[in-house]
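# Remarks on the overall topology
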Amino acid sequence: MSGFTGWGVVVTGAGSGMGAVAARRFAQAGARVVVSDIEEAAAQAVARGLPAAIGMRCDVSMPSDCAALVGAAERFLGAPVDVFLANAGLSYAGDFLQADPGELRRVIDVNVSGSIFSAQAALRSLVKSPRASLIFTGSVSGLMGRAQRSVYTASKHALGGLVKSLALEFGPRGVRVNAIAPGPTDTPFLRAHLAKVNDDVGTAVAGLVGGLPLGRLVQPEDFAEAALFLASPAAGAITGHTLALDCGSAAGRM
Ligand SMILES: NC(=O)c1ccc[n+]([C@@H]2O[C@H](COP(=O)([O-])OP(=O)(O)OC[C@H]3O[C@@H](n4cnc5c(N)ncnc54)[C@H](O)[C@@H]3O)[C@@H](O)[C@H]2O)c1
């Protein structure tokens, strides 16, 4: 897909994994891209490889960082943001009774509050764009329950309500709001997640793949294509929707 020449795109959590691949794919399709991450060096490394991009630090759990990100994006673009991909997220896996309250709070701070603060800052700019799209990275864990993933699952369920409510509130102002709900995706995040509750990550990955109807993990490139589609005019009638990108994992048990 091409056709994003002249568009301005902001991606959070873009120093690694799906966000980094999506930032590159939007750039390849002609967009000017703001690559942000809590890890400044990672964001800048991704941006350096792109023809028209800046990289900057943004901790999405901090409202002031989110406002600064959007302000910097508008200055870089010389225009409002057209596409904001609220992708940053943290994993949590483990026994609920053993969980450290500080770790649980951080998952909610980043995945829920961070998505809300990102969206608030983004929408202040998006409402000025004629082709505005806000896309969240949810998860199949936002579509169903998972043992040993309780707080992560709760955080991703929250995004479904946010997507629907913001779609209703901002549709009349010209902004489409959707989410992508990836299943197990081959990124550093997945391996870290699995390592918390499995001794052997390779066996855990094989077990996951065996339970997926398409018999493979989602790749970050699948995610990037879904993001480009949702941002594009081809998805112009789609808002308030969460797109499962999961090789069939949410369809049921094999
Ligand atoms: N990998 C999977 O299997 C999977 C499945 C479903 C959903 N997801 C979701 O996809 C998104 C991206 O994950 P990924 O797999 O690419 O992981 P990743 O770990 O490769 O990338 C996540 C990025 O987010 C950044 N980040 C963490 N906290 C942040 C914060 N407070 N502010 C800004 N950036 C922050 C990290 O530094 C990292 O660069 C997350 O929202 C995750 O919940 C991942």
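Okay, so let's go over this structure.

### Observations regarding the overall build of the protein
Counting secondary structure elements, the protein contains eight helices and seven strands. The C-alpha atoms of the protein give 17 Å as radius of gyration, which agrees with the globular expectation for 254 residues (18 Å, within 12%). Along the longest, intermediate and shortest principal axes, the C-alpha atoms of the protein span 50 × 35 × 35 Å. Within the span of the protein, comprising 254 residues, buried residues form 52% of the whole. Counting contacts in the protein only where the partners sit at least 6 residues apart, residues at least 24 apart contribute 70% of the total. Of the roughly 10,800 Å² of accessible surface on the protein, 56% is carried by carbon and sulfur atoms. When the 21 positive and 19 negative side-chain charges of the protein are each reduced to one mean point, those points stand 6 Å apart.

### Observations concerning unusual backbone geometry
Located in the positive-phi region is Gln148, a residue other than glycine, with phi close to 60°. Residue position: Gln148 is located in the loop between strand 5 (132–137) and helix 5 (150–170). Although it is not a glycine, Cys247 adopts a positive phi angle of roughly 50°. Inspection of the secondary structure puts Cys247 in the segment after strand 7 (242–245).

### Side note on the packing of helix 3 (residues 63–77) against helix 4 (residues 101–126)
Where helix 3 contacts helix 4, the two axes come as close as 8 Å, and the packing angle between them is 30°. Overall, the two elements helix 3 and helix 4 adopt an arrangement that is roughly parallel. Once helix 3 is placed against helix 4, the crossing between them reads as right-handed. Here Pro63, Cys66, Ala67, Val70 and Glu74 of helix 3 come into contact with helix 4, specifically with Phe117, Ser118, Ala121, Ala122 and Ser125.

### Looking at the site of the ligand
The immediate surroundings of the ligand are formed by 30 residues, with Ser16, Met18, Asp37, Tyr152 and Thr187 found nearest. At 2.8 Å from an oxygen atom of the ligand is found a main-chain nitrogen or oxygen belonging to Asn87. Taking 830 Å² as the accessible area of the ligand by itself, protein coverage stands at 92%. When contributions to the shell around the ligand are tallied by element, the ones reaching two or more residues are helix 1 (17–28), helix 4, helix 5 and helix 6 (188–197). The biggest single contributor to the shell around the ligand is helix 6, with three residues. Grouping the amino acids of the shell around the ligand by side-chain chemistry returns 13 nonpolar, 12 polar and five charged.

### Some words on the pattern of salt bridges
With the rule as written, the count across this model stands at seven salt bridges. Note that Arg57 and Asp65 form a salt bridge whose closest N and O atoms lie 3.4 Å from each other. Residue classification places Arg57 among the partly exposed residues on the basis of a relative accessible area of 39%. One salt bridge in this structure joins Arg191 and Asp186, with 3.1 Å as the shortest N-O distance. Accessibility expressed as a relative area gives 35% for Arg191, which makes it partly exposed.

### What about the environment of Gly210?
With respect to the helices and strands, Gly210 occurs in helix 7 (residues 201–210). On a C-alpha basis, the gap between Gly210 and Pro63 in space is 41 Å, while along the polypeptide they are 147 residues apart.

Conventions adopted
Residue indices begin from 1 for each chain and proceed along its sequence in written order. Given that the model is predicted, a residue must reach a pLDDT of at least 70 before its local features are reported, and side-chain atom pairs must reach 80 or more before they are shown or counted; all residues, however, enter totals for whole chains, interfaces and linings. In computing side-chain properties, one takes all heavy atoms of the structure into account and sets aside hydrogens as well as water. Elements are defined by DSSP. Helices are runs of H or I of four residues or more, strands are runs of E of two residues or more, and each kind is numbered from the N terminus. Computation of the radius of gyration draws on C-alpha atoms, with the globule rule given as 2.2 Å multiplied by the number of residues to the power 0.38. Classification of residues uses two cut-offs on accessible area relative to the type maximum, computed with a 1.4 Å probe and protein chains only: under 20% is buried, over 50% is exposed, and between them is partly exposed. By definition in these notes, contact holds between two residues if any of their heavy atoms fall within 4.5 Å. Values of accessible area rely on a 1.4 Å probe in the Shrake-Rupley scheme; residue burial ignores everything except the protein chains shown. The positive count covers Lys and Arg only, the negative count covers Asp and Glu only, and His and the chain ends enter neither. Here the site of a charge means NZ on Lys, CZ on Arg, CG on Asp, or CD on Glu. Angles shown run from 0 to 180 degrees and are taken between the N-to-C directions of axes, each axis being a line fitted to C-alpha atoms and, for helices, limited to the stretch in contact. Any angle from 65 to 115 degrees is called roughly perpendicular, while one under 35 is roughly parallel, one over 145 is roughly antiparallel, and all others are oblique. Definitions for this section: a left-handed crossing has its near helix turned counterclockwise from the far helix by less than a right angle. A right-handed crossing has that turn clockwise. Consider each residue's heavy atoms; a residue with any of them within 4 Å of a molecule or strand counts as near. Identification of polar contacts relies on pairs of N or O atoms within 3.5 Å, with a donor-acceptor requirement for protein atoms, meaning one able to donate a hydrogen and the other able to accept it, and with residues adjacent in sequence counted only if both atoms are side-chain atoms. Throughout this entry, Asp, Glu, Lys and Arg are counted as charged residues, while Ala, Val, Leu, Ile, Met, Phe, Trp, Tyr, Cys and Pro are counted as nonpolar. The remaining residues, Gly among them, count as polar. Here, a salt bridge means any side-chain nitrogen of Lys or Arg that lies within 4 Å of a carboxyl oxygen of Asp or Glu.

In short, shape yes, function no, at least from these values alone.
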